[in-house]
Amino acid sequence: MARRCELSGKDVMTGNNVSHANNKSRRRFLPNLVNVSLISDTLGETVKMRISAHALRSVEHRGGLDNYLMKASDETLSIKARQLKVAIKRKQNEAAAA
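Bear in mind that the values here come from a model prediction, so they are computed numbers and not experimental data.

1. Digging into the overall build of the protein chain
So, point 1. When you go through the protein chain residue by residue, the secondary structure sums to three helices and four strands.
So, point 2. Helices and strands appear in the protein chain in the N-to-C order β-β-β-β-α-α-α.
So, point 3. Taken over the C-alpha trace, the protein chain has a radius of gyration of 17 Å; the compact-globule value for 98 residues is 13 Å, which it surpasses by more than 25%.
So, point 4. Along the three orthogonal principal directions, the C-alpha set of the protein chain runs to about 70 × 20 × 20 Å.
So, point 5. When burial is assessed residue by residue, the protein chain has 29% of its 98 residues classed as buried.
So, point 6. The contacts of the protein chain with a sequence gap of at least 6 include a subset with a gap of at least 24, amounting to 43%.
So, point 7. Looking at the protein chain as shown, the accessible area adds up to about 6800 Å², and 49% of this sits on carbon and sulfur atoms.

Listed below in structure tokens is the structure:
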């Protein structure tokens, strides 16, 4: 399982540990990933995802998963999130046509 957020695309970064003597050794900065169940209002179902804590705050700020996915670019989303976005768009178009 990749250490990558399914919504924001945030992943592992690299850098240096710097000691007091200014010795440098390589290190990894891992994203704060959490397993969550998000509710899609349009589809009426819950979706389990592994997202960063920052993305979870963004989902809440934008008013839910559906609004977040509609405003997110497809490049940052995982395949699972892109399929969910397409399903939500399809359902919203059907509701608007009816």
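2. Let's talk about the packing of aromatic side chains
How two aromatic rings sit relative to each other is set out by the distance from centre to centre and by the angle between their planes.
So, point 1. If you walk through the whole model with that rule in mind, you get zero aromatic pairs.
So, point 2. The ring of phenylalanine 29 is capped by arginine 27, whose NZ or CZ atom sits 3.9 Å from the centre of that ring.

3. With respect to the pairing of strand S3 (residues 33-40)
So, point 1. Where S3 meets strand S4 (residues 45-52), eight bridges bridge the pair, whose relative direction is antiparallel. Counterpart to serine 40 in the pairing with S4 is glutamate 45.
So, point 2. Where S3 folds back onto S4 in an antiparallel hairpin, the turn is made up of four residues, including glycine 44, whose phi is positive at roughly 70 degrees.

4. So, the nonpolar core
So, point 1. Grouped together as the largest cluster of nonpolar side chains are 18 residues, with contacts concentrated most on Leu7, Leu38, Met49, Ile51 and Leu69.
So, point 2. Not counting the four nearest positions on each side in its chain, methionine 49 is found in contact with Glu6, Leu7, Val34, Asn35, Val36, Leu38, Lys80 and Ala81.

5. Some thoughts on the side chain of arginine 50
So, point 1. Locating arginine 50 in the fold gives a position in strand S4.
So, point 2. Buried charge arginine 50 goes without a salt bridge, the closest partner of opposite sign being glutamate 6 at 7.2 Å.

6. Notes on the side chain of serine 40
So, point 1. Looking at where serine 40 falls in the secondary structure, it is placed in strand S3.
So, point 2. Looking at serine 40, its side chain comes within polar contact range of the side chain of aspartate 66, at 2.9 Å.
So, point 3. When near neighbours in sequence (up to four residues on either side) are disregarded, serine 40 contacts Glu45, Asp66 and Ile88.

7. Some remarks on helix H3 (residues 79-97)
So, point 1. Look at H3: 27 Å from first C-alpha to last across 19 residues, which is about the 27 Å you get at 1.5 Å a residue.
So, point 2. All of the buried residues in H3 are Ala81, Leu84, Lys85 and Ile88. Across the axial projection of H3, the buried residues extend over an arc of 105 degrees, all falling on one side. Counted as exposed and oriented over 90 degrees from the buried face of H3: Ile79, Gln83, Asn93 and Ala97.
So, point 3. In the core, the buried residues of H3 are packed alongside S3, S4 and helix H2 (65-71).

Calculation notes
- Residues numbered from 1 in each chain as written.
- Predicted model: local features only at pLDDT ≥ 70, side-chain atom pairs only at ≥ 80, totals over all residues.
- Heavy atoms only, no water.
- Helix = DSSP H or I, 4+ residues; strand = E, 2+ residues; numbered from the N terminus.
- Rg over C-alpha atoms; globule rule 2.2 N^0.38 Å.
- Buried < 20%, exposed > 50% of the residue type's maximum accessible area, 1.4 Å probe, protein only.
- Contact = heavy atoms within 4.5 Å.
- Areas by Shrake-Rupley, 256 points an atom, 1.4 Å probe, with all protein chains shown as cover.
- Phe/Tyr/Trp six-rings, centres within 6.5 Å; stacked < 30°, edge-to-face > 60°.
- Lys NZ or Arg CZ within 6 Å of the ring centre and 35° of its normal.
- Pairing = 2+ DSSP bridges.
- Core = buried A, V, L, I, M, F, W, Y, C linked by side-chain atoms within 4.5 Å.
- Lys, Arg positive; Asp, Glu negative; His and termini not counted.
- Salt bridge = Lys/Arg side-chain N within 4 Å of Asp/Glu carboxyl O.
- Polar contact = N/O pair within 3.5 Å; in protein donor to acceptor, adjacent residues only side chain to side chain.
- Expected span 1.5 Å × (residues − 1).
- Arc of directions from axis to C-beta.

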